[in-house]
Protein chains: 2
Amino acid sequence: MPPIRLSKSLPSLYPWVTSPFIVSAPMRIMSGPALAVSVSRAGGLGFIGPGAKTQDALTNLQEASSLLKAPSTTLSSLPSTPLPIGIGFQLWSDDLATAAAAIQQYQPCAAWLFAPHHTADIQTWTLRIREVAPNTQIWVQVGTIAEVHEILTSAAQPDVLVIQGAEAGGHGRATDGMGLMTLLPEVADIVAMASSPGRGKIPVFAAGGIADGRGASAALCLGAEGVVMGTRFLAATEARISAGYQNEIVRAGDGAASTTRTLLYNHLRGTFGWPAAYSPRGITNLSFHEHQAGKPFEELKRLHDEALGMGDAGWGPQGRLATYAGAGIGLIREVKEAGRIVEEVRREVWGKVNVKVEEEGGREARL
Amino acid sequence: MPPIRLSKSLPSLYPWVTSPFIVSAPMRIMSGPALAVSVSRAGGLGFIGPGAKTQDALTNLQEASSLLKAPSTTLSSLPSTPLPIGIGFQLWSDDLATAAAAIQQYQPCAAWLFAPHHTADIQTWTLRIREVAPNTQIWVQVGTIAEVHEILTSAAQPDVLVIQGAEAGGHGRATDGMGLMTLLPEVADIVAMASSPGRGKIPVFAAGGIADGRGASAALCLGAEGVVMGTRFLAATEARISAGYQNEIVRAGDGAASTTRTLLYNHLRGTFGWPAAYSPRGITNLSFHEHQAGKPFEELKRLHDEALGMGDAGWGPQGRLATYAGAGIGLIREVKEAGRIVEEVRREVWGKVNVKVEEEGGREARL
């Protein structure tokens, strides 16, 4: 009757993180410095999301760095170097030179790489980041078994592999994704098989549909070393998000019926160029329903752009604006401070699952 | 830090079942009496699947009844009445009068109702079965939040609600399903909200993509009172399945890439009439790939029917026969005795999760 065993490498690399390892996802723009810092202060790992342009990484990291210097009432004492927050990049649209310069200057503890045009781009980014910031851990997000095999046989291995299930909000695999229930343990097995005494085992983190302690506990049972939450943190006080959008995250339920993957909202917002493998999940509203009913795109675009001027009324069932969110929206019923989210999830995991951290010399420490 | 709490009602109704409550799904034809009896003997609950015609329920129950009388070396002593196995029906195609007669004669402990033309049919079946066999518990399988609401507000409530995630093999929701990771906890919350002191809480069982102790543990964390495995038991020694089919379950991996939901195999087999809400997941092979490439149905049908005469070579990547299976196929690597499957899953769950069974008077017993 073995408990869930966690590797000893993570606690030494992220010493302020309290087990279980809880991460806030690098959601584009919405995961700003305030959210990331709050999550890390609560004993998790907060990621800053990609910005509207890569250059924003610099200002975001600068702001996070300042926030981290401010006195805090929370318990975890955070190291000053590497910076105890991570930062994410959208490889197909972000500029490597600009990203590398920001990473070199601020030395975040982790860089999260996602959505390359080609897997080879992940190699290029990994090697360049390791040159400028050897202590910055490389987190790579994938969503299929094929990608896992590609990554595991590549020259530059990531330090963490994030496996994203089909339940995830925002951009994920368009058509070849799968729920974490089967995808995660299969990936965990493949990664375990690929490990060697010399190289060790790459930790697998789970993302997609995890919104509370139940999902986090389930992910650990399925083989994750840690859990990533995105949509749950959209309903955090510190999220960089409009109230109308945030209200809709709290209001909506039944993610199977009320969310879908569609490129419509990207196109309404004028976003083109995502690699074909990806499509975002979001909460459907008038734009989508009228699109389904056959209303021409130009008309939908006009109405969408009008809604941009309506403030918070632009979102909601009768709204028209993009509301990227995961299928777990039905589990999110309240806006909370990010630190409280981390603490509540952690506490629920402690009650539900038996976790042991493997220590040096084969000894084990009970969680 | 609350552990996972399980209701006390199930242990009293199924006294031979050892916690956690592990169930073999009523897979059409393939879940025969031998499989069902082995699972119950191992301290789980085995279901006989629907037959080619409803009348087969009678012979299947008769055979199970005989098998249960045979001496056994396994530990659990099974009651003789009600019969410690369940039986499933496919409501759109099965005949209620015939089913009720079989249930009346053999008094199985549970009847599993699935795939009605209309939800009202579930009521009709439930009331009739309760008339002829008041001790037969009614298990109802659903796959959407909308169905859960319909069931919870209906006149005749089920005794158990089985929620099937999109990862499931065989017939499930065609287009509006979702992975258990988000679907299950949301259903658990809805059922908990609908419970009252007088009525209690309907136990929720999880099905779909659970193939080992990791998935079973995850399902319990997500709010299930018990877990149902289907595909895992296709690779049980006792499954009523061709070797070619079973070999393919063991061989195939990467369920996201190698399985899909399609009506093609139903149609090749001459099966029509499933309600539009349902479509089966299965492992793709030449029939599907050539269908995708545009080969006419008549030609695919001719080749399929030829493959019917090829024995075990009819299945596999170069085969053409239907291979209904869930997305968890990558987790199944060996044919095992059903009892061993139950025991291994149980043991792994014991190690991973903290379960408490609520007892009379508010006391609790540790698993």
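Note that the structure is predicted; figures quoted are calculated from it, not measured.

Chemist: Would you mind going over the interface of chain B and chain A with me for this structure?
Modeler: Interface size is commonly expressed as the accessible surface area that is lost when the partners come together. Across the contact, 44 residues belong to chain B and 44 residues belong to chain A. Viewed at the interface, chain A and chain B are joined by four salt bridges. The interface formed by chain B and chain A holds 13 residue pairs in polar contact (both at pLDDT 80 or more) in total. Residue assignment for the side of chain B that touches chain A shows that the elements contributing at least two residues are α6 (145-152), α7 (180-194), α8 (213-222), α11 (255-258) and α15 (338-352) of chain B. Residues of the side of chain B that touches chain A, tallied by class, amount to 21 nonpolar, 13 polar and 10 charged.

Chemist: Help me out: how do you make sense of the sheet that holds strand β4 (residues 83-90) of chain B in this one?
Modeler: Two pairing modes exist for strands in a sheet, parallel and antiparallel, and in both the strands are linked by backbone hydrogen bonds. All names here are of chain B. Within the closed barrel, the eight strands sit side by side as β2-β3-β4-β5-β6-β7-β9-β10. Their pairing is parallel. For this sheet, the mean inter-axis angle between neighbouring strands, taken without regard to orientation, is 25°. The pairing of strand β3 (residues 45-48) with β4 spans two bridges and is classified as parallel. Within β4, the position partnered with F47 by the bridge is G86. The sheet strands contacting helix α4 (residues 96-106) are β4 and β5 (108-114), and the helix crosses β4 at an angle near 180°.

Chemist: Even after reading the chapter, I still don't get the relation of the copies chain B and chain A, so can you show me in this structure?
Modeler: The operation relating the pair of chain copies consists of a rotation about an axis and a translation along that axis. Its rotation angle being 180°, the transformation that places chain B on chain A also includes 0.0 Å of axial translation and leaves an RMSD of 0.0 Å. Overall, the copies show the geometry of a two-fold rotation axis. Most of the interface of chain B is mirrored in chain A, where 100% of its interface residues are also at the interface.

Chemist: Got a minute to help me understand the packing of helix α2 (residues 33-41) of chain B against α15(B) in this structure?
Modeler: Residues and elements named next belong to chain B. Where α2 meets α15, the closest approach of the two axes is 8 Å, and the angle between their N-to-C directions is 35°. Where α2 crosses over α15, the handedness of that crossing is right-handed. Contacts from L35, S38 and V39 of α2 reach α15 at A338, G339 and V342. Split into classes, the residues belonging to the contact of α2 with α15 amount to four nonpolar, two polar and no charged.

Chemist: I would appreciate a short explanation of the pairing of strand β2 (residues 21-24) of chain A in the present structure.
Modeler: A regular strand places its side chains on the two faces of the sheet in alternate fashion. Residue and element names in this part refer to chain A. On β2, burial covers both faces: F21 and V23 on one face and I22 and S24 on the other are all buried. Two elements, β2 and strand β10 (residues 226-229), share four bridges in a ladder whose sense is parallel. Paired with V23 across the strands is V228, a residue of β10. Inspection of the sheet shows β2 paired to strand β3 (residues 45-48) by two bridges, in the parallel sense. Bridge assignment links V23 to a residue of β3, and that residue is L45. Between the parallel elements β2 and β3, the chain passes through helix α2 (residues 33-41) in a crossover that is right-handed.

Chemist: What is the right way to read empty space enclosed by the protein from this model?
Modeler: Remark: the empty space left among the atoms is shown by a probe the size of a water molecule rolled over them. All names here are of chain B. Tallying each qualifying case throughout the model produces four cavities of 30 Å³ or more. There is about 50 Å³ of room inside the largest cavity. Of all the elements in the fold, those that place two or more residues in the lining of the largest cavity are α3 (56-69) and β4. Of the residues belonging to the lining of the largest cavity, the class tally is five nonpolar, five polar and three charged.

Chemist: How should the nonpolar core be read in this particular structure?
Modeler: If you look at soluble globular proteins, the nonpolar side chains tend to sit buried side by side. Of all hydrophobic cores here, the largest spans 242 residues; its most connected members are A:Y14, A:W139, A:F233, B:Y14, B:W139 and B:F233. Among residues more than four places away in sequence, those in contact with B:W139 are B:Y14, B:F21, B:V23, B:L45, B:F47, B:A110, B:A111, B:W112, B:L113, B:V160, B:V162 and B:F205.

Chemist: Would you mind going over the pairing of strand β6 (residues 137-142) of chain B with me for this structure?
Modeler: All names here are of chain B. Of all six residues making up β6, six are buried, and the element is well covered by its neighbours. Taking every second residue as pointing to the same face, both faces of β6 are buried, with Q137, W139 and Q141 on one and I138, V140 and V142 on the other. Of the pairings in the sheet, the one linking β5 to β6 comprises four bridges and is parallel in character. Bridging across to β6, W112 finds its partner in W139. At this point the chain moves from β5, through helix α5 (residues 119-132), to the parallel β6, and the crossover so formed is right-handed. As defined by bridge partners, β6 adjoins strand β7 (residues 160-164) across four bridges and the pair is classed as parallel.

Chemist: Explanation requested: the domain arrangement of chain A in the structure shown.
Modeler: Residues and elements named next belong to chain A. Structurally, chain A comprises domain 1 (13-240) and domain 2 (253-324). Computed from C-alpha atoms alone, the centre-to-centre distance between domain 1 and domain 2 is 27 Å. Contacts between domain 1 and domain 2 engage 19 residues on the former and 14 residues on the latter. Between domain 1 and domain 2 lies a buried interface of about 1,400 Å² when both sides are counted; carbon and sulfur atoms form 56% of it. Across the contact surface, domain 1 and domain 2 share 11 residue pairs in polar contact (both at pLDDT 80 or more). Taken together, the residues of the side of domain 1 that touches domain 2 break down into eight nonpolar, seven polar and four charged.

What counts and how
- Along each chain, residue indices are assigned from 1 in the same order as the chain's sequence is written.
- Think of it this way: whatever chain is written first is A, whatever ligand is written first is 1, and the rest follow in order.
- Given that this is a predicted model, residues contribute local features only at a pLDDT of at least 70 and side-chain atom pairs are listed and counted only at 80 or more, while totals for whole chains, interfaces and linings are drawn from all residues.
- Hydrogen atoms and water are omitted, and side-chain values are computed over all heavy atoms in the structure.
- Any pair of residues with heavy atoms lying within 4.5 Å of one another is described as a contacting pair.
- Take a side-chain nitrogen of Lys or Arg and a carboxyl oxygen of Asp or Glu: if they are within 4 Å of each other, that pair is a salt bridge.
- Polar contacts here mean pairs of N or O atoms no more than 3.5 Å apart (in protein, one a potential hydrogen donor and the other a potential acceptor; neighbouring residues in sequence count only if both atoms are side-chain atoms).
- Going along the chain from the N terminus, every DSSP run of H or I of four or more residues is numbered as a helix, and every run of E of two or more is numbered as a strand.
- Any residue that is not Ala, Val, Leu, Ile, Met, Phe, Trp, Tyr, Cys, Pro, Asp, Glu, Lys or Arg is counted as polar, Gly included; the first ten are nonpolar and the last four charged.
- Pairing between strands is defined by DSSP: at least two bridges between the two strands are required.
- Here an angle of 0 to 180 degrees is reported between the N-to-C directions of two axes, which are lines fitted to C-alpha atoms, with helices fitted over the stretch in contact.
- The fit set for superposing copies consists of C-alpha atoms from residues with pLDDT of at least 70 in both; the fit itself is least squares.
- Crossing handedness is defined as follows: a turn of the near helix away from the far one that is anticlockwise and smaller than a right angle gives a left-handed crossing, while the clockwise case is right-handed.
- Exposed residues in this analysis have more than 50% of their type's maximum accessible area, buried residues have under 20%, and partly exposed residues fall in between, with area computed by a 1.4 Å probe over protein chains only.
- Look down the strands so they point away from you; if going from the first strand over the helix to the second traces a clockwise path, that crossover is right-handed.
- Only protein atoms enter the 1 Å grid used here. Points where a 1.4 Å probe fits but cannot escape make up a cavity, open sets with protein on both sides within 12 Å along at least five of seven lines make up a pocket, and a residue lines them when an atom lies within 4 Å of a point.
- Grid points are joined across faces, edges and corners, and a volume is the space filled by probe spheres set on the points.
- Residues grouped as a nonpolar core are buried Ala, Val, Leu, Ile, Met, Phe, Trp, Tyr and Cys residues, joined through side-chain atoms within 4.5 Å.
- Per the annotation, domain bounds derive from an automatic or database assignment of domains.
- Accessible area, probed at 1.4 Å, shrinks when two parts are joined; the buried area is that loss added up over both.

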